[in-house]
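Commentary on secondary and tertiary structure
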Amino acid sequence: MAPRKIIIDTDPGQDDAVAILLALASPEEIEVLGVTAVAGNVPLSLTQKNARIVCELAGKPDTKVFAGCDAPIARKLVTAEHVHGKTGLDGPQMADPTMPLQEQHAVDFIIETLRAEPAGTVTLCPLGPLTNIAVAFERAPDIVEKVQEIVLMGGAYFEVGNITPAAEFNIYVDPEAAKIVFGSGVPIVVMPLDVTHKALTTRDRVDAFRDMGSDVGTMVAAWTDFFERFDKEKYGSEGAPLHDPCVIAYLIKPELFSGRHINVEIETQSELTLGMTVADWWRVTDRSANALFMGDMDAAGFFELLADRLARL
Ligand code: BDR
Ligand code: CA
(Lines give C-alpha, C1' and ligand atoms only; values in the text may rest on other atoms or scores of the structure.)
(Ligands and ions follow the chains in the order given, each with its own letter.)
Protein backbone atom coordinates (compact mmCIF):
# COMPACT_ATOMS: atom_id res chain seq x y z
CA MET A 1 0.00 0.00 0.00
CA ALA A 2 1.19 3.53 -0.74
CA PRO A 3 2.25 5.44 2.36
CA ARG A 4 -0.35 7.70 3.92
CA LYS A 5 0.24 11.39 3.18
CA ILE A 6 0.25 13.56 6.28
CA ILE A 7 0.90 17.10 7.45
CA ILE A 8 2.24 17.30 11.00
CA ASP A 9 1.07 20.48 12.74
CA THR A 10 3.16 20.90 15.84
CA ASP A 11 4.63 23.00 18.69
CA PRO A 12 7.82 21.11 19.67
CA GLY A 13 8.04 20.25 22.66
CA GLN A 14 10.00 17.09 23.44
CA ASP A 15 7.04 14.77 22.89
CA ASP A 16 6.21 16.49 19.59
CA ALA A 17 9.86 15.93 18.64
CA VAL A 18 9.56 12.18 19.27
CA ALA A 19 6.37 12.13 17.19
CA ILE A 20 8.14 13.80 14.26
CA LEU A 21 11.04 11.34 14.56
CA LEU A 22 8.62 8.39 14.57
CA ALA A 23 6.92 9.66 11.41
CA LEU A 24 10.19 10.33 9.58
CA ALA A 25 11.44 6.88 10.60
CA SER A 26 8.42 5.19 9.01
CA PRO A 27 8.45 6.01 5.27
CA GLU A 28 6.76 2.73 4.35
CA GLU A 29 3.59 3.79 6.11
CA ILE A 30 3.88 7.58 6.23
CA GLU A 31 4.83 10.31 3.78
CA VAL A 32 5.35 13.62 5.57
CA LEU A 33 4.27 16.30 3.07
CA GLY A 34 5.26 19.04 5.47
CA VAL A 35 5.68 20.03 9.08
CA THR A 36 3.74 23.15 10.06
CA ALA A 37 4.71 24.92 13.27
CA VAL A 38 2.28 26.71 15.55
CA ALA A 39 2.68 28.68 18.76
CA GLY A 40 1.99 26.53 21.81
CA ASN A 41 4.44 24.99 24.23
CA VAL A 42 6.75 27.91 23.40
CA PRO A 43 6.39 30.87 20.99
CA LEU A 44 6.41 30.31 17.23
CA SER A 45 10.00 31.54 16.73
CA LEU A 46 11.10 28.56 18.84
CA THR A 47 8.62 25.91 17.62
CA GLN A 48 9.57 26.44 13.97
CA LYS A 49 13.24 26.30 14.88
CA ASN A 50 12.76 23.19 17.02
CA ALA A 51 10.88 21.47 14.19
CA ARG A 52 13.91 22.01 11.95
CA ILE A 53 16.31 20.77 14.63
CA VAL A 54 14.30 17.55 14.82
CA CYS A 55 14.17 17.01 11.05
CA GLU A 56 17.94 17.45 10.88
CA LEU A 57 18.42 15.05 13.78
CA ALA A 58 16.37 12.50 11.85
CA GLY A 59 18.73 12.96 8.89
CA LYS A 60 15.86 14.42 6.81
CA PRO A 61 16.86 18.04 6.16
CA ASP A 62 14.78 18.05 2.97
CA THR A 63 11.57 17.95 5.00
CA LYS A 64 9.55 21.11 4.39
CA VAL A 65 9.00 23.10 7.59
CA PHE A 66 6.64 26.08 7.66
CA ALA A 67 5.87 28.68 10.32
CA GLY A 68 2.18 29.31 10.98
CA CYS A 69 0.12 31.31 13.45
CA ASP A 70 1.96 32.99 16.32
CA ALA A 71 -1.12 33.41 18.54
CA PRO A 72 -4.50 31.77 19.14
CA ILE A 73 -7.52 33.05 17.21
CA ALA A 74 -9.06 35.12 19.98
CA ARG A 75 -6.81 34.92 23.02
CA LYS A 76 -3.36 35.62 24.34
CA LEU A 77 -0.92 32.76 23.95
CA VAL A 78 -0.43 30.51 26.97
CA THR A 79 2.85 28.57 26.90
CA ALA A 80 4.27 25.61 28.83
CA GLU A 81 7.92 26.37 29.61
CA HIS A 82 7.29 24.90 33.07
CA VAL A 83 7.08 21.49 31.35
CA HIS A 84 9.31 21.76 28.29
CA GLY A 85 11.89 24.33 29.43
CA LYS A 86 12.76 27.75 28.02
CA THR A 87 13.56 26.53 24.50
CA GLY A 88 10.75 23.96 24.35
CA LEU A 89 13.40 21.30 23.78
CA ASP A 90 15.41 21.75 26.97
CA GLY A 91 17.63 18.92 28.05
CA PRO A 92 20.69 18.35 25.90
CA GLN A 93 22.64 21.12 24.21
CA MET A 94 21.63 21.48 20.56
CA ALA A 95 23.10 23.43 17.69
CA ASP A 96 20.91 25.76 15.64
CA PRO A 97 19.47 24.12 12.51
CA THR A 98 21.00 24.85 9.13
CA MET A 99 18.09 23.62 6.99
CA PRO A 100 15.85 26.43 5.77
CA LEU A 101 12.43 27.49 6.94
CA GLN A 102 10.03 27.59 3.98
CA GLU A 103 8.89 31.08 3.03
CA GLN A 104 5.26 30.15 2.62
CA HIS A 105 2.97 30.58 5.65
CA ALA A 106 1.89 27.26 7.15
CA VAL A 107 -1.79 28.05 6.67
CA ASP A 108 -1.23 28.72 2.95
CA PHE A 109 0.72 25.47 2.67
CA ILE A 110 -2.12 23.51 4.28
CA ILE A 111 -4.68 25.12 1.94
CA GLU A 112 -2.56 24.70 -1.18
CA THR A 113 -1.71 21.07 -0.40
CA LEU A 114 -5.32 20.06 0.24
CA ARG A 115 -6.38 21.73 -2.99
CA ALA A 116 -3.59 20.13 -5.00
CA GLU A 117 -3.87 16.53 -3.73
CA PRO A 118 -6.78 14.25 -4.65
CA ALA A 119 -9.70 14.55 -2.20
CA GLY A 120 -9.49 12.16 0.75
CA THR A 121 -5.76 11.49 0.51
CA VAL A 122 -4.25 13.89 3.06
CA THR A 123 -4.41 13.36 6.84
CA LEU A 124 -3.79 16.23 9.25
CA CYS A 125 -1.91 15.41 12.45
CA PRO A 126 -2.18 18.26 14.96
CA LEU A 127 0.07 17.90 17.99
CA GLY A 128 -0.45 21.37 19.44
CA PRO A 129 -3.13 24.07 19.62
CA LEU A 130 -5.46 23.85 16.61
CA THR A 131 -4.94 27.43 15.39
CA ASN A 132 -3.32 26.69 11.99
CA ILE A 133 -5.92 24.10 11.06
CA ALA A 134 -8.89 26.24 12.12
CA VAL A 135 -7.58 29.32 10.32
CA ALA A 136 -7.07 27.24 7.16
CA PHE A 137 -10.65 25.90 7.40
CA GLU A 138 -12.08 29.39 7.93
CA ARG A 139 -10.09 30.92 5.12
CA ALA A 140 -10.68 28.12 2.60
CA PRO A 141 -13.88 26.22 3.46
CA ASP A 142 -13.52 24.22 0.22
CA ILE A 143 -10.60 22.24 1.71
CA VAL A 144 -12.60 20.86 4.63
CA GLU A 145 -14.26 18.07 2.68
CA LYS A 146 -10.94 17.17 1.06
CA VAL A 147 -9.28 16.14 4.35
CA GLN A 148 -9.05 12.36 4.72
CA GLU A 149 -8.95 12.44 8.52
CA ILE A 150 -7.65 14.48 11.43
CA VAL A 151 -5.72 12.47 14.02
CA LEU A 152 -4.90 14.77 16.93
CA MET A 153 -3.52 14.85 20.44
CA GLY A 154 -5.75 16.89 22.71
CA GLY A 155 -8.49 16.87 25.30
CA ALA A 156 -9.42 14.46 28.05
CA TYR A 157 -12.49 12.94 29.63
CA PHE A 158 -11.67 10.73 32.62
CA GLU A 159 -8.33 12.49 33.20
CA VAL A 160 -10.07 15.88 32.86
CA GLY A 161 -7.23 18.39 32.67
CA ASN A 162 -3.52 19.11 32.89
CA ILE A 163 -3.22 22.88 32.38
CA THR A 164 -6.35 23.65 34.41
CA PRO A 165 -8.40 21.22 36.52
CA ALA A 166 -10.81 20.97 33.57
CA ALA A 167 -8.78 21.35 30.38
CA GLU A 168 -5.93 19.77 28.47
CA PHE A 169 -3.21 22.15 27.21
CA ASN A 170 -3.65 21.95 23.41
CA ILE A 171 -7.39 22.58 23.53
CA TYR A 172 -7.16 25.17 26.33
CA VAL A 173 -4.67 27.35 24.46
CA ASP A 174 -7.03 27.88 21.51
CA PRO A 175 -10.54 26.68 22.37
CA GLU A 176 -12.11 28.73 19.55
CA ALA A 177 -9.89 26.89 17.05
CA ALA A 178 -10.78 23.55 18.62
CA LYS A 179 -14.47 24.38 18.32
CA ILE A 180 -14.07 25.06 14.60
CA VAL A 181 -12.17 21.81 14.04
CA PHE A 182 -14.54 19.61 16.08
CA GLY A 183 -17.49 21.20 14.29
CA SER A 184 -15.99 20.82 10.82
CA GLY A 185 -17.48 17.44 9.94
CA VAL A 186 -14.05 15.98 9.11
CA PRO A 187 -13.56 12.47 10.59
CA ILE A 188 -11.50 13.02 13.77
CA VAL A 189 -9.48 10.61 15.88
CA VAL A 190 -8.63 11.99 19.33
CA MET A 191 -5.74 10.90 21.53
CA PRO A 192 -6.77 12.43 24.86
CA LEU A 193 -4.91 12.39 28.17
CA ASP A 194 -6.96 9.28 29.04
CA VAL A 195 -4.76 7.41 26.58
CA THR A 196 -1.51 9.37 26.61
CA HIS A 197 -1.20 9.13 30.40
CA LYS A 198 -0.69 5.41 29.81
CA ALA A 199 2.25 5.99 27.44
CA LEU A 200 4.64 6.37 30.36
CA THR A 201 8.41 6.49 30.01
CA THR A 202 9.60 3.98 32.59
CA ARG A 203 13.31 3.58 33.36
CA ASP A 204 13.60 0.48 31.15
CA ARG A 205 11.93 2.22 28.26
CA VAL A 206 14.20 5.27 28.45
CA ASP A 207 17.26 3.02 28.81
CA ALA A 208 16.19 1.22 25.64
CA PHE A 209 16.45 4.55 23.79
CA ARG A 210 19.80 5.39 25.40
CA ASP A 211 21.20 1.94 24.61
CA MET A 212 20.59 2.42 20.89
CA GLY A 213 23.94 4.21 20.88
CA SER A 214 22.77 6.55 18.11
CA ASP A 215 22.38 10.34 18.17
CA VAL A 216 18.61 9.92 18.00
CA GLY A 217 18.49 7.40 20.86
CA THR A 218 20.76 9.53 23.05
CA MET A 219 18.73 12.67 22.34
CA VAL A 220 15.35 11.06 22.97
CA ALA A 221 16.62 9.65 26.30
CA ALA A 222 17.98 13.07 27.29
CA TRP A 223 14.76 14.89 26.36
CA THR A 224 12.75 12.35 28.29
CA ASP A 225 15.01 12.70 31.32
CA PHE A 226 14.34 16.45 31.22
CA PHE A 227 10.58 16.57 30.97
CA GLU A 228 10.07 13.57 33.25
CA ARG A 229 11.06 15.66 36.25
CA PHE A 230 7.90 17.73 36.00
CA ASP A 231 5.39 14.93 35.45
CA LYS A 232 6.93 12.57 38.01
CA GLU A 233 6.58 15.24 40.65
CA LYS A 234 3.09 16.21 39.56
CA TYR A 235 1.58 12.77 39.17
CA GLY A 236 3.87 10.73 41.40
CA SER A 237 4.26 8.37 38.44
CA GLU A 238 7.25 6.29 37.38
CA GLY A 239 7.77 8.32 34.24
CA ALA A 240 6.21 10.95 32.02
CA PRO A 241 3.59 10.59 29.29
CA LEU A 242 4.78 10.64 25.69
CA HIS A 243 1.60 12.29 24.43
CA ASP A 244 2.14 13.27 20.81
CA PRO A 245 3.80 10.10 19.42
CA CYS A 246 0.48 8.32 20.08
CA VAL A 247 -0.91 10.15 17.04
CA ILE A 248 1.77 8.80 14.71
CA ALA A 249 1.69 5.34 16.30
CA TYR A 250 -2.03 5.20 15.49
CA LEU A 251 -1.30 5.77 11.81
CA ILE A 252 1.17 2.89 11.79
CA LYS A 253 -0.57 0.46 14.15
CA PRO A 254 -4.16 1.50 14.88
CA GLU A 255 -4.73 -1.78 16.70
CA LEU A 256 -2.67 -0.43 19.62
CA PHE A 257 -5.59 1.85 20.53
CA SER A 258 -9.26 1.45 21.32
CA GLY A 259 -12.01 4.01 21.80
CA ARG A 260 -15.58 5.06 21.11
CA HIS A 261 -17.30 7.03 18.37
CA ILE A 262 -18.88 9.79 20.40
CA ASN A 263 -19.85 13.44 20.42
CA VAL A 264 -17.22 15.88 21.65
CA GLU A 265 -17.99 19.57 22.18
CA ILE A 266 -15.55 22.28 23.24
CA GLU A 267 -16.26 24.70 26.08
CA THR A 268 -15.44 28.27 25.02
CA GLN A 269 -17.51 30.36 27.42
CA SER A 270 -16.98 29.31 31.02
CA GLU A 271 -14.03 30.78 32.87
CA LEU A 272 -13.82 27.74 35.11
CA THR A 273 -13.94 25.03 32.46
CA LEU A 274 -12.59 26.87 29.41
CA GLY A 275 -11.18 24.45 26.84
CA MET A 276 -12.82 21.39 28.34
CA THR A 277 -13.58 18.61 25.87
CA VAL A 278 -17.14 17.70 26.82
CA ALA A 279 -17.01 14.11 25.64
CA ASP A 280 -20.25 12.13 25.65
CA TRP A 281 -18.42 8.90 26.57
CA TRP A 282 -21.55 7.36 28.09
CA ARG A 283 -23.74 8.48 25.19
CA VAL A 284 -26.20 10.26 27.42
CA THR A 285 -27.14 12.88 24.81
CA ASP A 286 -28.50 12.50 21.31
CA ARG A 287 -25.79 14.73 19.88
CA SER A 288 -24.26 12.96 16.91
CA ALA A 289 -20.80 11.46 17.06
CA ASN A 290 -18.06 13.65 15.59
CA ALA A 291 -14.94 11.85 16.82
CA LEU A 292 -13.35 8.52 17.57
CA PHE A 293 -12.27 9.31 21.14
CA MET A 294 -9.62 6.90 22.36
CA GLY A 295 -9.83 5.42 25.84
CA ASP A 296 -7.15 2.76 26.06
CA MET A 297 -3.84 1.72 24.55
CA ASP A 298 -1.30 -1.09 24.52
CA ALA A 299 1.60 0.82 26.11
CA ALA A 300 4.09 -2.06 25.79
CA GLY A 301 3.31 -2.40 22.08
CA PHE A 302 3.59 1.35 21.65
CA PHE A 303 7.10 1.49 23.18
CA GLU A 304 8.18 -1.54 21.15
CA LEU A 305 7.10 0.25 17.99
CA LEU A 306 8.87 3.42 19.06
CA ALA A 307 12.13 1.64 19.88
CA ASP A 308 12.02 -0.35 16.65
CA ARG A 309 11.42 2.72 14.46
CA LEU A 310 13.77 5.15 16.21
CA ALA A 311 16.56 2.59 15.86
CA ARG A 312 16.18 2.94 12.08
CA LEU A 313 17.23 6.59 12.11
C1 BDR B 1 0.11 18.32 25.07
O2 BDR B 1 0.58 19.58 25.52
C3 BDR B 1 1.93 19.73 25.21
O4 BDR B 1 2.62 20.20 26.31
C5 BDR B 1 2.43 18.40 24.70
O6 BDR B 1 3.36 18.59 23.66
C7 BDR B 1 1.18 17.71 24.19
O8 BDR B 1 0.92 18.02 22.84
C9 BDR B 1 -0.29 17.47 26.26
O10 BDR B 1 -1.28 18.10 27.00
CA1 CA C 1 2.54 19.17 21.44
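Structure's up top.
What comes next concerns the included structure. Numbering of residues begins from 1 in every chain and follows the order in which that chain's sequence is written. To label them, take the chains in the order written and letter them from A, then take the ligands in the order written and number them from 1. Residues qualify for local features only when their pLDDT is at least 70, as the model is predicted, and side-chain atom pairs are given and counted only at 80 or more; totals for whole chains, interfaces and linings, by contrast, use all residues. Excluded from the side-chain calculation are hydrogens and water; included are all heavy atoms of the structure.

Right, let's get into the overall build of the chain. Under the scheme used here, helices are H or I runs from DSSP no shorter than 4 residues and strands are E runs no shorter than 2 residues, and both carry numbers assigned from the N terminus. Each helix and strand in the chain was counted, giving 12 helices and 10 strands. Against the globule reference of 20 Å for 313 residues, the chain gives a C-alpha radius of gyration of 18 Å, in line with a compact fold. Seen through its principal axes, the chain has C-alpha atoms that stretch 50 × 45 × 40 Å. Every one of the 313 residues in the chain was classed for burial, and the buried ones make up 57%. Any pair of residues with heavy atoms lying within 4.5 Å of one another is described as a contacting pair. The contacts of the chain with a sequence gap of at least 6 include a subset with a gap of at least 24, amounting to 81%. All accessible-area figures derive from a Shrake-Rupley calculation using a 1.4 Å probe, and residue coverage is judged against the displayed protein chains alone. Split by element, the accessible area of the chain, about 12400 Å² in all, is 51% carbon and sulfur. In this setup the radius of gyration rests on C-alpha atoms only. A globule is expected at 2.2 Å times the number of residues raised to 0.38. Each residue is assigned to one of three classes by its accessible area relative to the maximum for its type, calculated with a 1.4 Å probe on protein chains only: buried under 20%, partly exposed between the two thresholds, exposed over 50%.

Let us look at the site of ligand 1. One heavy atom suffices: a residue is near a molecule or strand as soon as one of its heavy atoms comes within 4 Å of it. The full set of residues close to ligand 1 is Asp15, Asp16, Asn41, His84, Leu127, Met153, Asn162, Glu168, Phe169, Asn170, His243 and Asp244. At a separation of 2.5 Å, an oxygen atom of ligand 1 approaches a polar side-chain atom of Glu168. In the analysis that follows, any N or O atom pair within 3.5 Å is treated as a polar contact, provided that within protein one partner can donate a hydrogen and the other can accept it, and provided that, for residues neighboring in sequence, both atoms belong to side chains. At 3.0 Å, a side-chain N or O of Asn170 approaches an oxygen atom of ligand 1. Considering ligand 1 on its own, with 280 Å² of exposed area, one finds that the protein chains cover 96% of that surface. Those elements that provide at least two residues to the shell around ligand 1 are helix H1 (14-24) and helix H6 (169-173). Here the nonpolar group is Ala, Val, Leu, Ile, Met, Phe, Trp, Tyr, Cys and Pro; Asp, Glu, Lys and Arg are the charged ones; every other residue, Gly included, is treated as polar. Per-class residue counts for the shell around ligand 1 are 3 nonpolar, 5 polar and 4 charged.

Time to look at the coordination of the calcium ion (ligand 2). Donor atoms: N, O and S within 2.8 Å of the metal, or within 3.2 Å for Na, K and Ca. Because water is excluded, sites can look incomplete. The coordination sphere of the calcium ion (ligand 2), as far as protein atoms go, consists of Asp11 (OD), Asp16 (OD), Asp16 (OD), Leu127 (O) and Asp244 (OD), spread over 2.3 to 2.6 Å. When the donor residues of the calcium ion (ligand 2) are listed from N- to C-terminus, their spacing reads D-x4-D-x110-L-x116-D. Taken as a pair, Asp11 in the loop between strand S1 (4-10) and H1 and Asp244 in the loop between helix H10 (215-235) and helix H11 (245-252) lie far apart in primary sequence, 233 residues in all.

The salt bridge criterion pairs a side-chain nitrogen of Lys or Arg with a carboxyl oxygen of Asp or Glu, the two atoms within 4 Å. Taken as a whole, this structure holds 14 salt bridges when the rule is applied. In this structure, Arg115 engages Asp142 in a salt bridge whose closest nitrogen and oxygen atoms are separated by 2.8 Å. Residue Arg115 is located in helix H4 (residues 106-116), and its partner Asp142 is located in the loop between helix H5 (131-139) and strand S5 (147-153); the two are separated by 27 residues in the primary sequence. For Arg115, a relative accessible area of 45% corresponds to the partly exposed category. What makes Asp142 partly exposed here is its relative accessible area of 38%. Three or more residues are tied together by salt bridges with common partners; here these are Arg203, Asp207, Arg210, Asp225 and Glu228.

Across the 7 residues that make up strand S10 (residues 291-297), a large majority, 5, are buried. Only strands that DSSP links by at least two bridges are regarded as paired with each other. Here strand S6 (residues 188-191) runs beside S10; their pairing, made up of 2 bridges, is parallel. Paired with Val189 across the two strands is Leu292, which belongs to S10. Pairing between strand S7 (residues 257-262) and S10: 6 bridges, direction antiparallel. What sits directly across from Arg260, in S10, is Phe293.

Turning next to the pairing of S1. With 5 of 7 residues buried, S1 is to be regarded as a mostly interior element. Pairing analysis gives 7 bridges linking S1 to strand S2 (residues 30-37), with the strands arranged parallel. What sits directly across from Ile6, in S2, is Val32. As for the winding sense of the linkage, the β-α-β connection from S1 through H1 to S2 is right-handed. Handedness of a crossover: with both strands directed away from the viewer, a clockwise path from the first strand across the helix to the second marks it as right-handed.

In this section: the packing of H4 against H5. The contact between H4 and H5 brings their axes to 9 Å, and the two run at 55°. Between H4 and H5, the angle falls in the class oblique. Once H4 is placed against H5, the crossing between them reads as right-handed. Touching Ala106, Val107, Asp108, Ile110 and Ile111 of H4 are Asn132, Ile133, Val135, Ala136 and Arg139, all from H5. The convention used is that axes are lines fitted to C-alpha atoms, helices contributing only their stretch in contact, and that angles between N-to-C directions extend from 0 to 180 degrees. Should an angle lie under 35 degrees it is considered roughly parallel, over 145 roughly antiparallel, and from 65 to 115 roughly perpendicular; all remaining angles are considered oblique. Take the far helix as the reference: if the near one is turned anticlockwise from it by less than a right angle, the crossing is left-handed, and if turned clockwise, right-handed.

Glancing now at the sheet that holds S10. Strand order in the open sheet formed by 8 strands is S3-S2-S1-S4-S5-S6-S10-S7, with mixed pairing between adjacent strands. In the strand order of this sheet, the two ends are held by strand S3 (65-67) and S7, each with one partner. Neighbouring strand axes in the sheet, compared pairwise and without regard to direction, differ in orientation by 25° on average.

It is worth spelling out the packing of aromatic side chains at this point. Two rings from Phe, Tyr or Trp (for Trp, the six-membered ring) form a pair when their centres are within 6.5 Å of each other. A pair whose planes differ by under 30 degrees is stacked, one over 60 is edge-to-face, and the rest are tilted. This model, assessed by the stated rule, comprises 7 aromatic pairs. Their ring planes at 15° and their centres at 4.0 Å tell us that Phe66 and Phe109 sit as a pair that is stacked. Note that Phe66 is positioned in strand S3 and Phe109 in helix H4, a separation of 43 residues in sequence. Residues Phe66 and Phe109 agree in their burial class; the two are buried.

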